[in-house]
Amino acid sequence: MLTTSLPGGTWTLGGLTVTRFGYGAMQLAGPGVMGPPADRDGALAVLRTAVELGITHIDTSAAYGPQVTNQLIREALHPYPDSLHIVTKVGANRDPQGGWPPARDPRSLRRSVHENLETLGLDVLDLVNLRLGDAAGPRPGSLAEAFETLADLQRQGLIRHLGVSNATPEQVAEAQAIAPIVCVQNMYNLAHRRDDELIDALAGQGVAYVPFFPLGGFSPLQSSVLSTVAARLEAAPMSVALAWLLRRSPNILLIPGTSSAAHLRENIAGAALSLSDDDLAELDTIGR
Ligand SMILES: NC(=O)c1ccc[n+]([C@@H]2O[C@H](COP(=O)([O-])OP(=O)(O)OC[C@H]3O[C@@H](n4cnc5c(N)ncnc54)[C@H](OP(=O)(O)O)[C@@H]3O)[C@@H](O)[C@H]2O)c1
């Protein structure tokens, strides 16, 4: 059994036990998530630091770079420790302008799963999220053909567990009618709380919710209430934002992104911050 001193403890994704405090690798690619990092050694060091600090859940995608974060993960960490679980996502490509055109037809999905296996140096992918919607957020529409393709790849033994990302609650339910999912990865943070009901429903089903942009993503979270609470606690606003997510629901797993080992350490320490009921009530006003 995995024990951890990381804040939040552990969660079981299907049969895989992971630390609730994970790491999102997207920030390791170049500007606009295109091309190599400016500081390649620094990027490798962040990944090694994450594992040294006990993180067992890393989020990535072949679309980051493209291929860049997967290659960095392999270079930094392969052969992977048994405890480490790498979560990838399929369903979007990159275009020369840095856009994220959807690639959810069966052929593209099969190709992407094989590409992830190859670049990560794995025989089986632990968890694959089907990324839906577009850069502006979830979009309604059936995911059946795409999700059935992934379920087929799972039956073939290339994928252990499935999830969905950037999904509406209706798409989550549609996926669950096709095959079990172990997580939903959607945008959510102190200021962006469209998924409050979905999070609670998933908690009741034992399904993880993995917020992307937990710190606001490309536009860092800014709120006078957050700044006030952080100042009172003598903590960084980002620490408060992460500690709040861990308190929000036990099925929330964190994958904050950073290209800095120092920020990673700060975020781990910060997420352990204890928030009082008064702090929580005040923070609750931000996204409502
Ligand atoms: N499913 C999807 O569609 C989707 C979309 C977006 C992201 N994701 C996943 O979600 C993960 C998290 O999202 P994200 O990385 O975009 O956004 P995020 O975690 O909300 O924020 C990352 C930003 O916060 C900064 N930061 C982190 N810690 C800091 C600290 N202690 N002090 C100051 N600045 C700090 C980082 O800059 P520094 O590099 O300077 O630390 C970076 O600019 C990604 O890595 C990716 O794996 C998924």
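Below, the structure is looked at part by part. (Residues numbered from 1 in each chain as written. Predicted model: local features only at pLDDT ≥ 70, side-chain atom pairs only at ≥ 80, totals over all residues. Heavy atoms only, no water.)

1. Details of the overall build of the chain
Note the threshold: A run of H or I in DSSP counts as a helix once it spans at least four residues, and a run of E counts as a strand once it spans at least two, with each numbered from the N terminus. The globule rule used here is 2.2 Å times the number of residues to the 0.38 power, and the radius of gyration it is set against is calculated over C-alpha atoms. Burial classes: relative accessible area under 20% of the type maximum marks a residue as buried, over 50% as exposed, and values in between as partly exposed (1.4 Å probe, protein chains only). Contacts are assigned to residue pairs that have any heavy atoms within 4.5 Å of one another. Per-residue and other accessible areas follow the Shrake-Rupley method at a 1.4 Å probe size, with only the shown protein chains counted as cover for residues. When charges are counted, Lys and Arg are positive and Asp and Glu negative, with His and the chain ends excluded. All charge positions are set by atom: Lys at NZ, Arg at CZ, Asp at CG, Glu at CD.
The secondary structure content of the chain amounts to 10 helices and 9 strands. Computed over C-alpha atoms, the radius of gyration of the chain comes to 18 Å, within 12% of the 19 Å expected from 2.2 N^0.38 for 288 residues, which places it in the range of a compact globule. C-alpha atoms of the chain, sized along the principal axes, occupy 55 × 45 × 40 Å. Counting the 288 residues in the chain, one finds 54% classified as buried. When contacts within the chain are restricted to residue pairs at least 6 apart in sequence, long-range pairs at least 24 apart make up 74% of them. Accessible area for the chain stands at about 12200 Å²; split by element, carbon and sulfur atoms hold 51% of it. Here the chain contributes 21 positively and 29 negatively charged side chains, and the mean placements of these two sets differ by 3 Å.

2. Concerning the site of the ligand
Just so we agree on the cut-off: The criterion for a residue being near a molecule or strand is simple. One of its heavy atoms has to lie within 4 Å of it. We define a polar contact as two N or O atoms separated by no more than 3.5 Å, with the added condition that, inside protein, one atom must be a possible hydrogen donor and the other a possible acceptor, whereas residues neighbouring each other in sequence contribute only through side-chain atom pairs. Charged residues are taken to be Asp, Glu, Lys and Arg, nonpolar residues to be Ala, Val, Leu, Ile, Met, Phe, Trp, Tyr, Cys and Pro, and polar residues to be all remaining types, Gly included.
Residues in close proximity to the ligand total 25 residues, the closest being Asp59, Leu215, Thr258, Ser259 and His263. One of the side-chain nitrogen or oxygen atoms of Gln27 is found 3.0 Å away from an oxygen atom of the ligand. Here Gln185 contributes a side-chain N or O atom positioned 2.9 Å from a nitrogen atom of the ligand. Contact with the protein chains removes 86% of the 900 Å² of surface that the ligand exposes when unbound. Per-element accounting of the shell around the ligand gives the leading share, 3 residues, to helix α9 (residues 261–271). Per-class residue counts for the shell around the ligand are 10 nonpolar, 11 polar and 4 charged.

3. So, the pattern of salt bridges
Spelled out, the test is: A carboxyl oxygen of Asp or Glu within 4 Å of a side-chain nitrogen of Lys or Arg is what we treat as a salt bridge.
According to the stated counting rule, one finds 13 salt bridges in the structure shown. Between Arg160 and Asp126 there is a salt bridge; the shortest N-O distance is 2.6 Å. Here Arg160, found in strand β7 (residues 159–165), pairs with Asp126, found in strand β6 (residues 125–131); they are 34 residues apart in sequence, far enough to count as distant. Here Asp126 falls in the buried class, since its relative accessible area comes to 9%. Note that Glu282 is salt-bridged to Arg232, the shortest N-O span being 3.1 Å. Taken together, the residues Glu282 in helix α10 (residues 277–284) and Arg232 in helix α7 (residues 224–233) connect sequence positions 50 residues apart. The exposure class of Glu282 is partly exposed, given its relative accessible area of 28%. In this structure, a network of salt bridges that share partners links the residues Arg193, Asp196, Asp200, Arg248 and Asp284.

4. Side note on the nonpolar core
Heads up, the condition is: Remark: nonpolar core denotes a set of buried residues (Ala, Val, Leu, Ile, Met, Phe, Trp, Tyr, Cys) joined through side-chain atoms within 4.5 Å.
Tyr23, Leu150 and Val164 are the most contacted members of the largest nonpolar core, which totals 76 residues. Here the element with the most residues in this core is helix α8 (residues 237–248); it accounts for 7 residues. Apart from the residues within four sequence positions on either side, Val164 is in contact with Asn129, Leu130, Leu132, Leu143, Phe147, Val172, Ala175, Ile181, Cys183, Val184 and Gln185.

5. Quick look at the environment of Pro81
Along the polypeptide, Pro81 turns up in the loop between α2 (68–77) and β5 (85–90). Pro81 sits in the partly exposed class, given a relative accessible area of 32%. Considering only alpha carbons, one finds Pro81 and Leu198, 117 residues apart in sequence, at a separation of 33 Å.

6. Describing the sheet that holds β7
Definition in use: Note on pairing: two strands pair once DSSP finds at least 2 bridges between them.
A sheet is described by the order of its strands in space; here 7 strands give the open sequence β3-β4-β5-β6-β7-β8-β9, paired in parallel fashion. Each edge of the sheet is formed by a strand with only one pairing partner; in this case those strands are β3 (23–24) and β9 (208–209).

7. Some details on helix α6 (residues 196–205)
Residues lying three or four places apart along an α-helix face the same way, a consequence of the helix completing one turn every 3.6 residues. Which entries qualify depends on this criterion: By definition, the arc is the one covered by directions from the helix axis to the C-beta atoms.
All of the buried residues along α6 are Asp196, Leu198, Ile199 and Leu202. Down the axis of α6, the buried set is contained in an arc of 160 degrees. They therefore lie on one face. Of the exposed residues in α6, those oriented more than 90 degrees away from the buried face are Glu197 and Gly204. Residues of α6 that are buried sit in contact with α5 (169–178), β8 (183–185), β9 and α8.

8. Let's talk about unusual backbone geometry
Put simply, Gly65 and Pro66 share a cis peptide bond, and its omega is -15 degrees. For Phe213, which is not a glycine, the phi torsion comes out positive at approximately 55 degrees. Considering the arrangement of structural elements, one finds Phe213 in the loop between β9 and α7. You can call Phe213 partly exposed: its relative accessible area is 24%.

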